[in-house]
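Structure assessment
Residue strings, one per chain:
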Amino acid sequence: MKIFTINPGATTTKIALFEDTTEIWRESISYTREQLSVFNAPEDEEDLRYEDVIAHLNNRGIALNDIDAFVGRGGLLHPISGGTWIVTDDMIEDLKSKKYGSHASNLGCILALRMSETAGKVAAYTVDPVCVDEMPPIAHISGIPSLPRVSIFHALNQKAVAHRVAAKLGKKMEECKFIIAHMGGGITVGAHYLGRVIDVNNALGGYGPMTPERSGTVHGIETVKLCFSGKYTEQEVRRMLVGDGGLYAHLATTDFRYIAEKAKAGDGKFALTVDALAYQIACEIGSRSMAMKGEIDAIILTGGLANSDYLCNLVRSKTEWLAKVIIVPGEDELQALAEGVYRVLSKEEEAKVYVSEQ
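Let me begin by describing the structure that accompanies this report. (Residues numbered from 1 in each chain as written. Predicted model: local features only at pLDDT ≥ 70, side-chain atom pairs only at ≥ 80, totals over all residues. Heavy atoms only, no water.)

1. Overview of the overall build of the protein chain
Within the protein chain one finds 13 helices and twelve strands. Taking 358 residues into account, the globule formula puts the C-alpha radius of gyration at 21 Å, and the protein chain, at 21 Å, falls close to it. Along the first, second and third principal axes, the C-alpha set of the protein chain runs to 60 × 50 × 45 Å. Relative to its full complement of 358 residues, the protein chain shows a buried share of 51%. By sequence separation, contacts in the protein chain at least 24 residues apart represent 68% of the contacts at least 6 residues apart. Of the side-chain charges in the protein chain, 37 are positive and 47 negative, and the distance between the mean point of each set is 5 Å. (Helix = DSSP H or I, 4+ residues; strand = E, 2+ residues; numbered from the N terminus. Rg over C-alpha atoms; globule rule 2.2 N^0.38 Å. Buried < 20%, exposed > 50% of the residue type's maximum accessible area, 1.4 Å probe, protein only. Contact = heavy atoms within 4.5 Å. Lys, Arg positive; Asp, Glu negative; His and termini not counted. Charge placed at Lys NZ, Arg CZ, Asp CG, Glu CD.)

2. With respect to the pairing of strand S2 (residues 12–19)
Most of S2 sits out of view: six of its eight residues are buried. Where strand S1 (residues 2–8) and S2 come together, seven bridges link them in antiparallel fashion. From the neighbouring strand, Phe4 faces S2, where its bridge partner is Leu17. The hairpin turn running from S1 into S2, its antiparallel successor, is three residues long. In the sheet, S2 pairs with strand S3 (residues 22–30) via eight bridges, with the strands oriented antiparallel. Residue pairing across strands places Thr12 opposite Ser30, the latter belonging to S3. In this structure, the hairpin formed by S2 and S3 is closed by a connection of two residues, where Asp20 is found at a positive phi of approximately 55 degrees. (Pairing = 2+ DSSP bridges.)

3. Some words on the sheet that holds S3
With respect to topology, seven strands assemble into an open sheet ordered S3-S2-S1-S4-S6-S5-S12, the strand pairing being mixed. Taken across any chain shown, the strands that pair with only one partner, and hence form the sheet edges, are S3 and strand S12 (352–353). With two bridges connecting them, strand S5 (residues 84–86) and S12 associate as parallel partners. Across the sheet, residue Trp85 finds its bridge partner in S12, namely Lys352. Set on the sheet, helix H13 (residues 333–345) makes contact with S1, S2, S3, strand S4 (69–72), S5 and strand S6 (124–127); between it and S1 the angle comes to about 140 degrees. (Axes fitted to C-alpha atoms, helices over the stretch in contact; angles between N-to-C directions.)

4. Let's talk about the nonpolar core
Counting residues in each nonpolar core, the largest one holds 34 residues, and the members touching the most others are Phe4, Leu57, Leu64, Phe70, Met91 and Met115. Among the elements of the structure, S1, S2, S3, helix H2 (46–59), helix H3 (89–96) and helix H4 (106–119) are those that each provide at least two residues to this core. At eight residues, the largest contribution of residues to this core is made by H4. With sequence-adjacent residues up to four places away left out, Leu57 is seen in contact with Phe4, Trp25, Ile62, Leu64, Ile67 and Met115. Core analysis: the second largest hydrophobic core is formed by 32 residues, Ile187, Leu277, Leu301 and Leu314 among them. (Core = buried A, V, L, I, M, F, W, Y, C linked by side-chain atoms within 4.5 Å.)

Spelled out as structure tokens, the structure:
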């Protein structure tokens, strides 16, 4: 089965062709911010990105009808369960209307369906978008009824890693109990209980551990004082929480390789800040262990920061008393997309059909 994967980012469209789950080739189409500045929203870039993807396929001598399935990274939709979803007209309407938010990832499904229809295929797919919500009602309740806890996390990478580790253990994901910490520009820690993520922090909203550029959970009353101090605009406060927070606020850099080198070299400020990061990740893992009732097959560290042995060893030292710690560094959305579709094409899973909420 030839599976074509599409992952649109803010200034890139990453594409790859797979045979089953084996990558044949991949490319990244880049754009300057100036090129994209003529568009009001990422969703308006559809024609530009579509034509560029088609041009790259033509350059490789690949026709759309040579491809068996198209899959795009999922965008902002209403809460859905994990798995592989058929892209429907309802889904496209919700994405194009920006009903649940505007983001470059919304283009993934839009492009996949357009290519699939041009090729005459029956379906296009998406896999585990960020809006996956499998939390029970109790996990959604916060102390302010109008501000419930929301499930937005790195579902694609977390679920893909859960499948891979389960397979290495000779099991299916639905038979395992994992705590998975995705550690990157955002950090989310999910409680994966028998295939469902029953609790997770919403890093997009600034909840959880600090990250290289996000503040993580901060004191609510003090944040209110900051907002009404008259010293900062709304945008400036937002930047403190997401963009200029976390390690950047403390160390004036988000380059974790540099940060780790400084810490290992004995710089006290850098060492303390990285240890604090590891401590906060460990505490979030500990919180998820309560949702799991202490039943944990493994703690899995993944994402870009999991390439740092220094950070992983710090987190391991604080959490290995709970369960064995497994390191799966990096994230590969294109591979994860292909694997999700292959599970459907090989009849291991059944695809789900998206319907808009009324």
